[in-house]
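So the chains spell out like this:
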Amino acid sequence: MVSRRALLQRAVVAAGALVFLRRAPTAQAASGQEADAPRPTHTPRWGMVIDLDKCTSCQACVVACWAENNQPLPGPEAHRAGRVIEWMKLLSVHEGSYPRVRQRLLPIPCQQCDQPPCTTVCPVFATYKNPEGLVAQIYPRCIGCRYCVNACPYTCKFFNWSEARWPASMAQELNPDVSVRPKGVTEKCTFCHHRLQRAKEQAASEGRVLQAGDYVPACMQACPAQAIVFGDLNDPASDVSKAQDNPRRFRLQEELGTEPKVTYLSEA
Amino acid sequence: MEVTRRAFLQLTGLMAGTTGAFERFIRHRLMGLPAPADDVLLTPHAPEQWLPSVCQLCPAGCGVAARVVNGRVVKLEGLPAHPINQGSLCPRGLAGLTELYHPDRLLQPMKRIGERGEGRFEPIGWDEAIRTLIDRLRTLHQRGESHRVAWLSGHTAGIAPQLIERFLRGYGATRHFVLSPPTGELPVDAFHMMVDWQGQMLYDLAQATLILSFGMDWLQAYPSPVEASRAYGHLRRGQPDRRVRVVQIEPRLSVTAAKSDEWLPVRPGQEGWLALSMAHVLIRDRLFHERFVQDSAVGFEEFSRFVESHASPEQVAEPTGIPAETIVRVATEFGLRRGLAVGSRADALTQWAVMSLNGLVGNIDARGGILRRWEPEALSLPAAVTPTDAPMLPTDAQALPALLQSQQPSPIEVLVLSSANPCFLSPSPSRWADAFKAVPWIVSCTAFLDETALHADLLLPTATALEQWQYAPTTASDGTVVATICRPVLAPRNEARGLPDLILQLAQAFGPPLDNALPWHSLEQLVMDRLHALYDAKVGLLLPPISVPGTPAPSVEKPAMNVEEFGKELLARGGLLWPAEASPWPEFRTPSRQFEFVPRAIAERLKASPTLFPTEESAAAAGFPLQLYLYSPLAFLNGYGAHLPHLQQIAGSQLHEAWVTWAEIHPSTAGALGIRDGESIWVASAHGRITVKARWSEGIQPSVIAIPLGLGHTAHGRWAQGIGENPACLIEAKRDPQTGQPLWQGTWVKVWKA
Ligand code: SF4
Ligand code: SF4
Ligand code: SF4
């Protein structure tokens, strides 16, 4: 734990140093992409609220995320080495001592920071924040340097230390909408970006604009307790904006200035 | 955009031979290829279908929407608007695809060629398999020894249990043994005793006004986990300006305890005292429901006398470890709010003590209290034509090993097993293997070669839920009935067959009288039959159509349909529902019109000795100072799930443990024994010992060591076998005298560094 914290600190320093080198090209890349896309009238900013007072720590979200996103199978070796890939994970923290003990259990996806420390350290621009606020990872570009893995204060980036393998019969259950990442690249929660693509295509084929509820990440879809709210933070009338407007709100490690787009609502 | 992406895919395809960081760097940075805007899609526009089905990884029966692309099932989501799960699923259901596509599934009938238990089998065809089984059955039948056939089933979902009973009756056998899960069952024995009604009960969790749980980790181990989670979310923040309190009484800080407002770390086995002392407070302070007690209950005087003299908060504070003030405070809140006391199928006395609290506040057949499972008549199968009306004999599975060995030769000649794995999951599991030796012939219907299947002579591969037709009625916690009725999502893998189909085929192959009792050739035919009957009965509401994520829900059905349209719609949507208001139990009613506070079996026990929940100091004196507390994480609900890697990974998230059997122990206890956090330790009872990983935890009663059930397989596929240890071997095969159920808790152990 100590060594990880030290690593994280170093990474944050490194992130600061790289910021100057990065600014211009990122801006260019972003505007280049926007050139061929039709300019939407309203640019959404996707965000999530997780109500810990509803969450039952059942981990349906964790398994749904695995199943949706073709993450490599967990196993005993990966677990012992601390290399299990879980874009959505349950963090547990004990507080106090017997019998006055509390346990906090938090489902943690990528916080989709508005000021992501992970993107600024990438030397090859393989990870970037897209115009809708999603922090994306371009796998074919990633050179596997793991700077971003270390830069993420929430340990939400995962490196493929080995090749993902599935027994032949199980390869059938892979999601055809999501690529299988090769060994040597970093991956992360995308807020199920492919589901956004699908929803956009569906809406376009029906000749309508994207509506609230069309785009739902797999974790929220699965959650039995309805603890997860997702949507457009730029729309003050959206469920997620309304859910955020709550005195119980807090964000993880806000003091780092990462401006997460995942907000938690505390239990009491 | 599309073009560049396609071009990009082609290029990267050409360069597939050269992978690795350096090549990728060259490709994108030096060759200046544009980066794709997002993920590389493998098959961007393959046609997809969403088909209804049901999850059968636990008894709840959640509706499933299966996403099928090119004949492969690529995702399971909850069936929207299904009364049990309303579009969501629990982690087990989400891992269900891995069960379907598991590389170690049994996919072909096999016969034994090695010794029993050795695991050497050779593949045979279905024709031969069925012929062998039918020959055996026919020989016994002709000899007039039909009663020497018995069936042992574990958790069997859907229509299968009904078909098994019909099969046995039709054949003339009367023994169907059912294994019950170690934790998470509802306290039906107390309900049967006190309410004088033999059906199943429900907790109406979502409408409760306070949930006080006596040792039931209901967010994890519950007959319907999705409903438990849904109810919790609703109770906490689902209603404007109302947040329902949740209090957990349990020796271990379970997930439920962690999510509760208050955790009362009781000593194991003392939950019953706590319940009775709360009853004491309710009666003393007149916080009970006077009208219910006067009009609908008997035995209140006797009950009051007992709790007044034996269960004051001061008296039970010492044995339970809970201060008297806390007992009074919680009991008062329970009475004022008219809360719901939940407990599991523990020993009869504990079940009774907890149930009496619900009686005191009149929470029987009441919203937010205890409801009954019911089934509309239209759903039940037509009465069977069976040669015998002889009642089925008691189905106490724990009595089976003794029965098998009771005579020479064994009274059971042919034993059929379906989804039953007692050689893994029962107290002292090795005694089952011994008992099986006495049975001349064992056939196991199973999807995996598990510990018990290793002892069979014939293995019949069963299909998983998605591979079968389904006719699966169930009742949601609020009393809504739903029948999930649907087609298979895909054909069974290889040679696997659904258990219902297998039973029907056996009946047809056997001929009279069995085929009269089961007059269908296949489950498909049965479903079609039932569709007509349901159409004619004109009852039940169709589930709404499945809407693909990203599309608005299609409009509701047209009012009039002919039977073909009805059948088509029903199968496409996945079933029918009956709203809770249609339940025939709108208010409390029993044949005797009374709730019995002190049923006869309990009265006798009270007379024998007022020490209902002894603390067994003798065990400590005999060198076993710690009490073992067993629990099932949701991932291993009913002891089942370790064969699925995703469930292995999440089972121990509370302590960040996985792929190992861990044991929670309080640091003060561990420290006194010189055990450090993370060290390997021995845990031994008078019956066996195992090595586990010690984990210090502040969330455990200091006289207790807690171990999860579900690990320690010696078979059952690559992810289960050889991982962790099975604490079931520490447990003595003891049964509760009233319920006949195995007693999983109450074992005393000692621990030392390995
Ligand atoms: S699925 Fe929902 S209730 Fe379960 S852990 Fe995730 S957020 Fe919590
Ligand atoms: S949580 Fe980590 S991976 Fe996600 S955007 Fe923030 S820094 Fe990047
Ligand atoms: S609660 Fe979970 S295991 Fe049970 S039927 Fe529903 S999804 Fe399946």
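Per-chain numbering applies: the sequence of each chain, read as written, is numbered from 1 onward. Written order decides the labels, with chains lettered from A and ligands numbered from 1. Only residues with pLDDT of at least 70 get local features here, since the model is predicted, and only at 80 or more are side-chain atom pairs given and counted; chain-wide, interface and lining totals rely on the full set of residues. As a rule here, side-chain values come from all non-hydrogen atoms in the structure, and water together with hydrogens is ignored.

1. A few points about the overall build of chain A
A run of DSSP states H or I qualifies as a helix once it reaches four residues; a run of E qualifies as a strand once it reaches two. Both are numbered from the N-terminal end. Secondary structure assignment for chain A yields 8 helices and 10 strands. With a 1.4 Å probe rolled over the protein chains alone, any residue whose accessible area is under 20% of its type maximum counts as buried; one over 50% counts as exposed, and the rest are partly exposed. Here chain A, with 268 residues, has 58% of them falling under the buried criterion. Between two residues, a contact is recorded if the distance between any of their heavy atoms is within 4.5 Å. Look at the contacts in chain A between residues 6 or more apart in sequence, and 65% of them connect residues 24 or more apart.

2. Section: helix α21 (residues 563–573) of chain B
Residues and elements named next belong to chain B. When we look at burial in α21, the residues that qualify are V563, F566, G567, L570, L571 and R573. Packed against the buried residues of α21 are β1 (48–54), β19 (481–486), α20 (523–537), β20 (541–542) and β21 (575–578). Its side-chain oxygen at 3.1 Å from the backbone nitrogen of E564, N562 defines the N-terminal cap of α21. Where α21 ends, the next residue or the one after it, G574, has phi of about 105°, a positive value. In the analysis that follows, any N or O atom pair within 3.5 Å is treated as a polar contact, provided that within protein one partner can donate a hydrogen and the other can accept it, and provided that, for residues neighboring in sequence, both atoms belong to side chains.

3. Description of helix α6 (residues 193–205) of chain A
Residues and elements named next belong to chain A. Over its 13 residues, α6 extends 18 Å from the first C-alpha to the last, a length consistent with the 18 Å expected when each residue adds 1.5 Å. Those residues of α6 not exposed but buried are H193, H194, R195, L196, Q197, R198, A199 and A203. Following α6 by one or two positions, G207 has its phi on the positive side, about 65°. Expected helix span is taken as 1.5 Å per residue step, with the number of steps being one fewer than the number of residues.

4. A short note on the site of ligand 3
Residues and elements named next belong to chain B. For ligand 3, the full set of nearby residues is C55, L57, C58, A60, G61, C62, L89, C90, R92, G93, P225 and V226. Those elements giving two or more residues to the shell around ligand 3 turn out to be α3 (91–94) and α8 (225–237). Under this grouping Gly is polar, as are all residues other than the nonpolar Ala, Val, Leu, Ile, Met, Phe, Trp, Tyr, Cys and Pro and the charged Asp, Glu, Lys and Arg. Residue composition of the shell around ligand 3, by class: 9 nonpolar, 2 polar and 1 charged. We call a residue near a given molecule or strand whenever any one of its heavy atoms falls within 4 Å of it.

5. Focus: the site of ligand 2
In the vicinity of ligand 2 lie 13 residues, with C110, Q111, C113, C118 and C152 of chain A positioned nearest. A per-class count over the shell around ligand 2 returns 9 nonpolar, 2 polar and 2 charged.

6. Considerations on the interface of chain B and chain A
Taken together, the contacts link 86 residues of chain B with 78 residues of chain A. As used here, buried area is the combined drop in accessible area, with a 1.4 Å probe, of two parts when they are placed together. Carbon and sulfur atoms make up 55% of the area that chain B and chain A hide from each other, which totals about 6900 Å². Of the charged contacts in the structure, one is a salt bridge between D53 of chain A and R237 of chain B, with a shortest N-O distance of 2.7 Å. At the boundary of chain B with chain A, the tally comes to 26 residue pairs in polar contact (both at pLDDT 80 or more). Counting residues per element, the side of chain B that touches chain A draws most heavily on α8 of chain B, which supplies 7 residues. Of the residues assigned to the side of chain B that touches chain A, the class counts are 42 nonpolar, 24 polar and 20 charged. Salt bridges are identified by distance alone: a Lys or Arg side-chain nitrogen within 4 Å of an Asp or Glu carboxyl oxygen.

7. A word on the sheet that holds β19 of chain B
All names here are of chain B. Pairing between strands requires that DSSP locate at least two bridges from one strand to the other. Pairing within the open sheet is antiparallel, and its 4 strands lie in the order β18-β19-β21-β20. The two strands at the open ends of the sheet, each matched to only one other strand, are β18 (470–475) and β20. Two elements, β19 and β21, share 4 bridges in a ladder whose sense is antiparallel. Across the sheet, residue V481 finds its bridge partner in β21, namely W578. Note on definitions: angles span 0 to 180 degrees between N-to-C directions of axes, and those axes are lines fitted to C-alpha atoms, for helices only across the stretch in contact. Across the face of the sheet, α20 comes into contact with β18, β19 and β21 while running at roughly 55° to β18.

8. Topic: the sheet that holds strand β9 (residues 210–214) of chain B
Residue and element names in this part refer to chain B. The strand order β11-β10-β9-β13 describes an open sheet built from 4 strands, whose pairing is parallel. Of all strands in the sheet, those with a lone pairing partner are β11 (262–264) and β13 (340–343), marking the two edges. Here the average twist between neighbouring strands, direction ignored, is 20°. Where strand β10 (residues 245–249) lies against β11, 3 bridges are found, and the strand directions are parallel. In the sheet register, I249 faces β11, and the bridge partner there is L264.

9. Focus: the side chain of D365 of chain B
Relative to the elements of secondary structure, D365 of chain B occurs in the loop between α15 (348–360) and β14 (370–372). Those residues in contact with D365 of chain B that sit more than four places away from it in its chain are I370, L371, R372, W585, P586, E587, F588 and R589 of chain B.

10. Let's talk about the confidence of the model for chain A
Each residue carries a pLDDT value, the predictor's own confidence for that position, ranging from 0 to 100. Averaged over all residues, the pLDDT of chain A is 87; the fraction at 70 or higher stands at 85%. For the stretch residues 1–39 of chain A, pLDDT sits under 50, and the model shows 25 contacts to residues farther than four places along the chain or on other chains.

11. What to know about the pairing of strand β24 (residues 662–665) of chain B
Every other side chain in a regular strand lies on the same face of the sheet, so the side chains alternate between the two faces. Residues and elements named next belong to chain B. Burial along β24 is two-sided: the face carrying W662 and E664 and the face carrying A663 and I665 are both buried. With 4 bridges connecting them, β24 and strand β26 (residues 689–696) associate as parallel partners. By the bridge assignment, E664 is partnered in β26 with R695. One ladder, built from 2 bridges, connects β24 with strand β27 (residues 704–708); its direction is antiparallel. Its bridge partner lying in β27, E664 is registered against A706.

12. Here we look at the pairing of strand β1 (residues 46–51) of chain A
Residue and element names in this part refer to chain A. Counting buried positions over the 6 residues of β1 gives 6, a clear majority of the element. Here β1 shows a buried face lined by W46, M48 and I50 and a second buried face lined by G47, V49 and D51. Across 5 bridges, the pairing between β1 and strand β8 (residues 228–232) is antiparallel. What sits directly across from I50, in β8, is I228.

13. Focus: the packing of helix α10 (residues 271–284) of chain B against helix α12 (residues 300–310) of chain B
Packed helices, taken two at a time, are described by their axes: the angle between them and the distance between them. Residue and element names in this part refer to chain B. Contact geometry of α10 with α12 gives a least axis separation of 9 Å together with a crossing angle of 110°. Between α10 and α12, the interaxial angle falls into the category roughly perpendicular. Mapping the contact onto sequence places W273, L276, A279, H280 and I283 in α10 and F300, F303, S304, F306, V307, E308 and H310 in α12. Grouping the amino acids of the contact of α10 with α12 by side-chain chemistry returns 8 nonpolar, 3 polar and 1 charged. Roughly parallel means an angle under 35 degrees; roughly antiparallel, over 145; roughly perpendicular, 65 to 115; everything else is oblique.

14. Here's the deal with the nonpolar core
The biggest cluster of nonpolar side chains holds 137 residues, and the ones touching the most others in it are W218 and L276 of chain B. When residues of this core are sorted by domain, at least three fall in each of domain 2 (105–182 + 383–462 + 497–512) and domain 3 (201–372 + 594–608) of chain B. Excluding residues within four positions of it along the chain, W218 of chain B makes contact with L205, I211, S213, A228, Y232, V246, Q248, T256 and V342 of chain B. Ranked by size, the runner-up nonpolar core spans 105 residues in total, among them I108, V124, L134 and Y154 of chain A. We call a set of buried residues a nonpolar core when its members are Ala, Val, Leu, Ile, Met, Phe, Trp, Tyr or Cys and they connect through side-chain atoms within 4.5 Å of each other. The start and end points of each domain follow an automatic or database-based domain assignment.

15. As for the packing of α10 of chain B against α15 of chain B
Residues and elements named next belong to chain B. For the pair α10 and α15, interaxial distance at closest approach is 8 Å and the crossing angle is 25°. Taken as axis vectors, α10 and α15 run roughly parallel relative to one another. The handedness of the crossing between α10 and α15 is left-handed. Mapping the contact onto sequence places E271, G272, A275, L276, M278, A279, L282 and I283 in α10 and T350, W352, A353, V354, S356, L357 and L360 in α15. Each crossing gets its hand from how the near helix is turned against the far one by less than a right angle, where anticlockwise is left-handed and clockwise is right-handed.

16. Description of the packing of aromatic side chains
Residue and element names in this part refer to chain B. Any Phe, Tyr or Trp ring, taking Trp's six-membered ring, that has another such ring centre within 6.5 Å forms a pair; planes under 30 degrees apart are called stacked, those over 60 apart edge-to-face, and the others tilted. Following the criterion strictly, the structure yields 21 aromatic pairs over all chains and no others. Following the ring pairs from residue to residue traces out a cluster consisting of F288, F292, F300, F303, W352, F595 and F597. Remark: a charge is flagged as sitting over a ring if the NZ atom of Lys or the CZ atom of Arg is within 6 Å of the ring centre and within 35 degrees of the ring normal. Looking at R138, its charged tip hangs above the ring of F510, at a distance of 5.3 Å from the centre. The cationic tip of K538 hangs over the ring face of Y535; the distance from NZ or CZ to the ring centre is 3.8 Å.

17. Focus on the state of the cysteines
By definition, a disulfide links the sulfur atoms of two cysteine residues through a covalent bond. Residues and elements named next belong to chain B. Two cysteine sulfurs form what is called a disulfide whenever their separation falls within 2.5 Å. In the structure shown here, the tally under the stated rule is 0 disulfides over all chains. Between C729, a free cysteine, and C423, which holds the nearest cysteine sulfur, the sulfur-to-sulfur gap is 13 Å. Residue class for C729 comes out partly exposed when judged on its relative accessible area of 26%.

18. Some remarks on the confidence of the model for chain B
All names here are of chain B. Per-residue confidence for chain B gives a mean pLDDT of 90, with 91% of residues at or over 70. A low-confidence stretch, residues 1–44 (pLDDT under 50), is modelled with 54 contacts involving residues beyond four sequence positions or located in other chains. Model confidence for the complex is summarised by a pTM of 0.90, with the ipTM given as 0.92.

19. Here we look at unusual backbone geometry
That bond from Q408 of chain B to P409 of chain B is cis: its omega, -5°, falls within 30 degrees of zero. Along the chain, P512 of chain B connects to P513 of chain B via a cis peptide bond; the corresponding omega equals 0°. By secondary structure assignment, the location of P513 of chain B is in the loop between α18 (499–510) and α19 (514–517). Of note in the backbone geometry, Q253 of chain A takes a positive phi value of approximately 45° without being a glycine. One non-glycine residue, D196 of chain B, lies in the positive phi region at around 60°. Relative to the helices and strands, D196 of chain B resides in the loop between α7 (188–195) and β8 (201–203).

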